[in-house]
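Remarks on the overall topology
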Amino acid sequence: MSKTTVVSLQKKKQMGEPIVLLTAYDCIMGQLLAEVGVDIVLVGDSLGNVFQGDTTTQSVTISQMVYHTAAVRRGWPDGFIVADMPFMTAVVSEADTVRHAGRLIQSGRADAVKIEVMHARQLPLLAAVVASGIPVMAHIGFTPQAVTQLGGYRVQGRTDASAAACLELAKQCEAQGAFSVLLELVPDAVSKQITAAVSVPVIGVGAGPSCDGQGLVSTDVVGLSPKVPQFATQYADVRSSMKQAFSSFQAAVSDGSFPTSFTQA
Ligand code: KIV
């Protein structure tokens, strides 16, 4: 299995080979994704929902992102790991943004960072990170960190004006040096236009089949999340399996059938 790089991802787009992205938040998930060999592991700030049980991703801090990214790295030393820049870490200034991105690379040992680009005003900040030598994936369309401003979890790019703004932002992100675009919750017609208009790989999350690749939150894919978004496909029911195992252990301890052959020295 050859290691993913920004160049190999670019080649995949050129060859029309679909790119696979899944999220991971800990070492075990990193190990499993290594065994499968996905193209991109995203340590998403969705860990705020998945791991911390919050309703938004806004409470996730840079220190938490560093901690989780380093854990995933231990699970897959050679994987291509993209770490999310959490709420408020890529909006204040160029220096501030570069410093946060640097922590994810140096201490989290990520290969690249993802920035939610909510407004064209962030483009110089994205460019500053690229100029510091750090590859940037630009996240556009629905940007969960702006959920309050967007009025909830809503599909973006439904109107002509909003679709045109999405397309323009994708082009500007490419122009500022983003190595890839993650497109969340936009209609397939918009994804199709954007995927054709930019030369960097476009990964869709609930953005239809026309993108260069598809991404999902791992806990949705394995059926561990309590609620799976409509656009996600669940390929297993790990939640039921885990519940079954926990209650078997509980029952075994309760009825005395739990093996007690282990003796302490
Ligand atoms: O944080 C995350 O997991 C994301 C998803 C859209 C994949 O950004």
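Please refer to the structure higher up on the page.
Residues numbered from 1 in each chain as written. Predicted model: local features only at pLDDT ≥ 70, side-chain atom pairs only at ≥ 80, totals over all residues. Heavy atoms only, no water.

1. Digging into the overall build of the protein chain
Scanning the protein chain from terminus to terminus reveals eleven helices and eight strands. The C-alpha atoms of the protein chain give a radius of gyration of 20 Å, which matches the 18 Å a tight globule of 265 residues would have. By principal-axis analysis of the C-alpha atoms, the protein chain measures approximately 65 × 40 × 35 Å. Split into buried and exposed, the 265 residues of the protein chain put 48% on the buried side. Considering only contacts in the protein chain between residues 6 or more positions apart, those separated by 24 or more positions represent 58%. Of the accessible surface of the protein chain, which amounts to about 13100 Å², a share of 57% is contributed by carbon and sulfur atoms. A gap of 2 Å separates the mean positions of the 18 positive and 21 negative side-chain charges of the protein chain. (Helix = DSSP H or I, 4+ residues; strand = E, 2+ residues; numbered from the N terminus. Rg over C-alpha atoms; globule rule 2.2 N^0.38 Å. Buried < 20%, exposed > 50% of the residue type's maximum accessible area, 1.4 Å probe, protein only. Contact = heavy atoms within 4.5 Å. Areas by Shrake-Rupley, 256 points an atom, 1.4 Å probe, with all protein chains shown as cover. Lys, Arg positive; Asp, Glu negative; His and termini not counted. Charge placed at Lys NZ, Arg CZ, Asp CG, Glu CD.)

2. What to know about the pattern of salt bridges
Applying the stated criterion across every chain, the model contains six salt bridges. One continuous salt-bridge network, built from bridges that share partners, spans Lys3, Arg73 and Asp111. (Salt bridge = Lys/Arg side-chain N within 4 Å of Asp/Glu carboxyl O.)

3. Focus: the environment of Ser107
Here Ser107 is to be found in the loop between helix H5 (94–106) and strand S4 (112–116). Those residues within four positions of Ser107 in sequence are excluded, and the remaining contacts are Val66, Ala70 and Gly102.

4. Digging into the site of the ligand
Taken together, Thr23, Leu42, Gly44, Asp45, Ser46, Asp84, Lys114, His139, Glu184, Val205 and Val217 make up all the residues around the ligand. Residue Ser46 places a side-chain N or O atom 2.5 Å away from an oxygen atom belonging to the ligand. The contact in question runs from an oxygen atom of the ligand to an N or O atom on the side chain of Lys114, over 2.9 Å. Here the residues of the shell around the ligand sort into three nonpolar, four polar and four charged. (Near = heavy atom within 4 Å. Polar contact = N/O pair within 3.5 Å; in protein donor to acceptor, adjacent residues only side chain to side chain. Nonpolar A, V, L, I, M, F, W, Y, C, P; charged D, E, K, R; others polar.)

5. Notes on the packing of helix H2 (residues 27–36) against helix H4 (residues 62–75)
Each pair of packed helices can be described by the angle between their axes along with the distance between the axes. It is the contact of H2 with H4, at a shortest axis distance of 7 Å, that shows an interaxial angle of 40°. Between H2 and H4, the angle is such that the two are oblique. H4 is crossed by H2, and the crossing has right-handed handedness. Two secondary-structure elements touch here, H2 through Cys27, Gly30, Gln31 and Ala34 and H4 through Ala71, Val72, Arg74 and Gly75. A class-by-class count of the residues in the contact of H2 with H4 yields four nonpolar, three polar and one charged. (Axes fitted to C-alpha atoms, helices over the stretch in contact; angles between N-to-C directions. Parallel < 35°, antiparallel > 145°, perpendicular 65-115°, else oblique. Left-handed = near helix turned anticlockwise from the far one by under 90°.)

6. A closer look at the packing of helix H8 (residues 160–175) against helix H9 (residues 188–197)
Direction vectors running N to C along H8 and H9 enclose 25°, while the axes themselves pass 10 Å from each other. Of the possible angle classes, the one that applies to H8 and H9 is roughly parallel. As for the relative orientation of H8 and H9, their crossing is right-handed in sense. Mapping the contact onto sequence places Ala163, Cys166, Leu167, Ala170, Lys171 and Glu174 in H8 and Val190, Gln193, Ile194 and Ala197 in H9. Its residues placed into classes, the contact of H8 with H9 shows seven nonpolar, one polar and two charged.

7. Observations regarding the packing of aromatic side chains
Here the distance between the centres and the angle between the planes together describe a pair of aromatic rings. Counted under the stated rule, the structure contains three aromatic pairs. Between Phe80 and Phe179, the ring centres sit 5.9 Å apart and the planes meet at 85°, which makes this aromatic pair edge-to-face. A residue pair is termed long-range when its members are at least 10 positions apart, and Phe80 in the loop between H4 and strand S3 (81–84) and Phe179 in the loop between H8 and strand S6 (180–184) qualify at 99 residues. Note on accessibility: Phe80 and Phe179 belong to one class, buried. Measuring from centroid to centroid gives 5.2 Å for Phe142 and Tyr153, while their planes differ by 45°, and the two rings are tilted. Linking Phe142 in the loop between strand S5 (136–141) and helix H7 (147–150) with Tyr153 in the loop between H7 and H8, this pair joins segments that are eleven residues apart in sequence. (Phe/Tyr/Trp six-rings, centres within 6.5 Å; stacked < 30°, edge-to-face > 60°.)

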